[in-house]
Amino acid sequence: MKEIVPAPPAIVRNDYESIRELFAKNVVPSYGRFEIVLSHGAGSYLFDVTGKRYLDLGSGIAVCSLGHAHPAITEALGEQSKKLIHVSNLYFTEPQGRLAAEIVKRIGAGKCFFANSGAEANEGLFKLARKFGHDEGRFEILTATNSFHGRTLAGIAATGQDKVKKGFEPMMPGFRHIPYNDLEAARAAISPATVAIMIEGVQGEGGVTPATPEYLLGLRALCDEKKMLLLIDGVQCGHYRTGKFQSFQKILEGVAGGDKFLPDGLSMAKSLGGGFPIGAFWVRSPYQDSLSAGTHGTTYGGTPLACAVALAILEVIEKENLAEQARKLGAWLKSEIERLAKTCPTVVKSARGMGFILGLELAENIPAFAASDKTPALQFVNRLHAAGVLTVPAGNQIIRLLPPLNLSSYEAGEGIAKIEEVVKSLA
Ligand SMILES: *Cc1c(COP(=O)(O)O)cnc(C)c1O
């Protein structure tokens, strides 16, 4: 039969195929992407180009702290961009100064430096540590096995996972790994060259493992004793995800001596900008002025636009008491995963984490997963996609839930119902 209607252009005929094609031809294939092409979002929901709706319990890996298309972010972007987007750090601007003050207020006496990503924020802390130890010839930084600190050359040297280093040797010198939550191992690993210890308050990529209160307090005492800096990577676990501004504040809540605890440096990114790129580190007094003029910098760090967005996000979090929301709903989500571990132990092994940084640990040897060579975590995440929920795998066995801080209790219920549906289909 003769075709009467002309074929529409490719982009209209099949968004999914044509966008995949653009990637296949033009984008470096360094990511293992899921077979989903997203087009827009609203609150905790995302929509793909075929119109399918997903509940987003991954928030772009703990980034979209207020979900998608939040009016406060849209307004901050619109209003600030009409005034000033960028001027460089040759000049002062109000939003950067105000954001620094807001961060200092929430952590403790010290100062902030602004960058554009988590890796860069950590890079700043590494430089701070090297500067601190320089005159004594100390430069080595201890980090934990299973940690994640970013993908720059220093970041992969710092990251305690072989898979990120492979193929990029020789590693940048000056990093060694110690087992996490093992204070004696930390003490034993210190050499005359050691100048700092960096840990995540809650290991994210490593599978949602919080530091214990004893570990945090013990590392503080150890670093004081050995005149080393204690650095916390709060890129993923920070920004109210645990129910407090920083995870150490939550972990040490009510613990004797916990209210006096402060790290010497702390990195931030991810939720800080809600999707607009921004990173930062905070450095404690009296080290706050050691990176003096000319020693560190970045063109884009702390633009008025990025800082205006971050300020707007903090305002919404405060006004809507989203820290409490993350703490309460997070506790409920965790108890529901624990319930699934009890009722379906052949599929769910345990619940991990706190607040809105949670892990669902899968049981070993789930029969339905045996046929594929994809990891159990990937297969589970794919089944959740089919059910309309986005989550983030961590390692082979763990599914991370990193929802927006303003997830509603209805949405949390919907998420659990769909997770339960998938769990039951595997039991
Ligand atoms: C994501 C992450 C980083 C790296 O942040 P980028 O913005 O990707 O550079 C560093 N540390 C932790 C704990 C992270 O989760």
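Calculation criteria
Residues numbered from 1 in each chain as written. Predicted model: local features only at pLDDT ≥ 70, side-chain atom pairs only at ≥ 80, totals over all residues. Heavy atoms only, no water. Helix = DSSP H or I, 4+ residues; strand = E, 2+ residues; numbered from the N terminus. Expected span 1.5 Å × (residues − 1). Buried < 20%, exposed > 50% of the residue type's maximum accessible area, 1.4 Å probe, protein only. Arc of directions from axis to C-beta. Contact = heavy atoms within 4.5 Å. Near = heavy atom within 4 Å. Polar contact = N/O pair within 3.5 Å; in protein donor to acceptor, adjacent residues only side chain to side chain. Areas by Shrake-Rupley, 256 points an atom, 1.4 Å probe, with all protein chains shown as cover. Nonpolar A, V, L, I, M, F, W, Y, C, P; charged D, E, K, R; others polar. Domains from an automatic or database assignment. Buried area = accessible area lost by both parts, 1.4 Å probe. Salt bridge = Lys/Arg side-chain N within 4 Å of Asp/Glu carboxyl O. Pairing = 2+ DSSP bridges. Axes fitted to C-alpha atoms, helices over the stretch in contact; angles between N-to-C directions. Patch = residues over 30% accessible without salt bridge, like charges linked within 9 Å, V, L, I, M, F, W, Y side chains within 5 Å. Parallel < 35°, antiparallel > 145°, perpendicular 65-115°, else oblique. Left-handed = near helix turned anticlockwise from the far one by under 90°.

What follows concerns helix 4 (residues 71-83). Every α-helical turn comprises 3.6 residues, leaving residues that sit three or four positions apart pointing alike. Taking 1.5 Å as the rise per residue, helix 4 with 13 residues should run 18 Å; its terminal C-alpha atoms sit 18 Å apart, in good agreement. Of the positions making up helix 4, those classed as buried are I73, A76 and Q80. Along helix 4, the residues classed as buried sweep out an arc of 60° about the axis, all on the same side. Every exposed residue of helix 4 that faces more than 90 degrees away from the buried side is listed here: P71, E75 and K82. Turning to helix 4, the residues buried within the fold contact helix 5 (94-107) and helix 12 (304-319).

The ligand sits among S117, G118, A119, N122, F148, H149, G150, E200, D233, V235, Q236 and K270. The separation between an oxygen atom of the ligand and a polar main-chain atom of A119 is 2.7 Å. F148 places a polar main-chain atom, nitrogen or oxygen, 3.2 Å from a nitrogen atom of the ligand. Summarising the interface, the protein chains cover 81% of the accessible area of the ligand, which totals 380 Å² for the free molecule. No other element matches the three residues that helix 6 (residues 118-133) contributes to the shell around the ligand. The residue makeup of the shell around the ligand, split by class, is three nonpolar, six polar and three charged.

Parsing the protein chain into structural domains produces domain 1 (16-63 + 321-426) and domain 2 (71-319). Relative placement of domain 1 and domain 2: their C-alpha centres are 26 Å apart. Counting residues at the interface gives 24 residues for domain 1 and 26 residues for domain 2. Summed over both partners, the interface of domain 1 with domain 2 buries about 2000 Å², with 60% contributed by carbon and sulfur atoms. Taken together, the links from domain 1 to domain 2 amount to two salt bridges. Residues R327 and E253 are paired through a salt bridge, measuring 3.3 Å at the closest nitrogen-oxygen approach. Joining domain 1 to domain 2, the criterion identifies 13 residue pairs in polar contact (both at pLDDT 80 or more). By residue number, the principal contributor to the side of domain 1 that touches domain 2 is helix 13 (residues 322-343), which donates four residues. Residue composition of the side of domain 1 that touches domain 2, grouped by class: 15 nonpolar, six polar and three charged.

The subject of this paragraph is the side chain of R220. Turning to its location among the elements, R220 is positioned in helix 10 (residues 213-225). Relative accessible area serves as the criterion here: at 11%, R220 is assigned to the buried category. There is a polar contact of 3.0 Å between the side chain of R220 and the side chain of D264.

Let us now look at the sheet that holds strand 2 (residues 45-48). Here four strands make up an open sheet; going across it, the order is 1-2-3-15 and the pairing mixed. In the strand order of this sheet, the two ends are held by strand 1 (38-42) and strand 15 (389-390), each with one partner. As paired elements, strand 2 and strand 3 (residues 53-56) share three bridges and run antiparallel to each other. Note on strand 3: the bridge partner recorded for L46 is Y54. Sitting on the sheet, helix 15 (residues 409-426) touches strand 2, strand 3 and strand 15, and the angle it makes with strand 3 is about 105°.

Taken together, the side chains of L22, F23 and V27 present a nonpolar region at the surface, about 230 Å² in accessible area. Summarising the element assignment, F23 is placed in helix 2 (residues 15-26).

Right, let's talk about the sheet that holds strand 10 (residues 229-233) for a bit. Here we have seven strands laid out as an open sheet, ordered 4-12-11-10-7-5-6, and mixed in their pairing. Strand pairing shows two members of the sheet lacking a second neighbour, strand 4 (110-115) and strand 6 (175-178), which therefore form its edges. Adjacent strand axes in the sheet meet at a mean angle of 20° when their direction is disregarded. Where strand 10 meets strand 11 (residues 265-268), three bridges bridge the pair, whose relative direction is parallel. The partner of D233 across the bridge, within strand 11, is S267. Contacting strand 4, strand 11 and strand 12 (279-284), helix 5 crosses the sheet at an angle of about 130° to strand 4.

What follows concerns the environment of E17. Residue placement: E17 occurs in helix 2. Put simply, E17 and L231 are 214 residues apart on the chain and 45 Å apart in space, counted from C-alpha to C-alpha.

Let's shift gears to the pattern of salt bridges. Enumeration according to the criterion identifies 27 salt bridges in this entry. Two residues, E361 and R352, come together in a salt bridge whose shortest N-O distance is 3.7 Å. Classification of R352 by relative accessible area gives partly exposed; the value is 21%. Where salt bridges share partners, they join K244, K250, E253, E324 and R327 into one cluster.

Right, let's get into the packing of helix 5 against helix 12. Relative orientation and spacing of two packed helices are given, respectively, by the angle between their axes and the distance between those axes. In contact at an axis separation of 8 Å, helix 5 and helix 12 are set at 40° when each is read in the N-to-C sense. Between helix 5 and helix 12, the crossing angle belongs to the class labelled oblique. Crossing handedness for the pair helix 5 and helix 12: left-handed. Seen from helix 5, the contacting residues are P95, Q96, R98, L99, E102 and R106; seen from helix 12, they are P304, C307, A308, A310, L311, L314 and E318.

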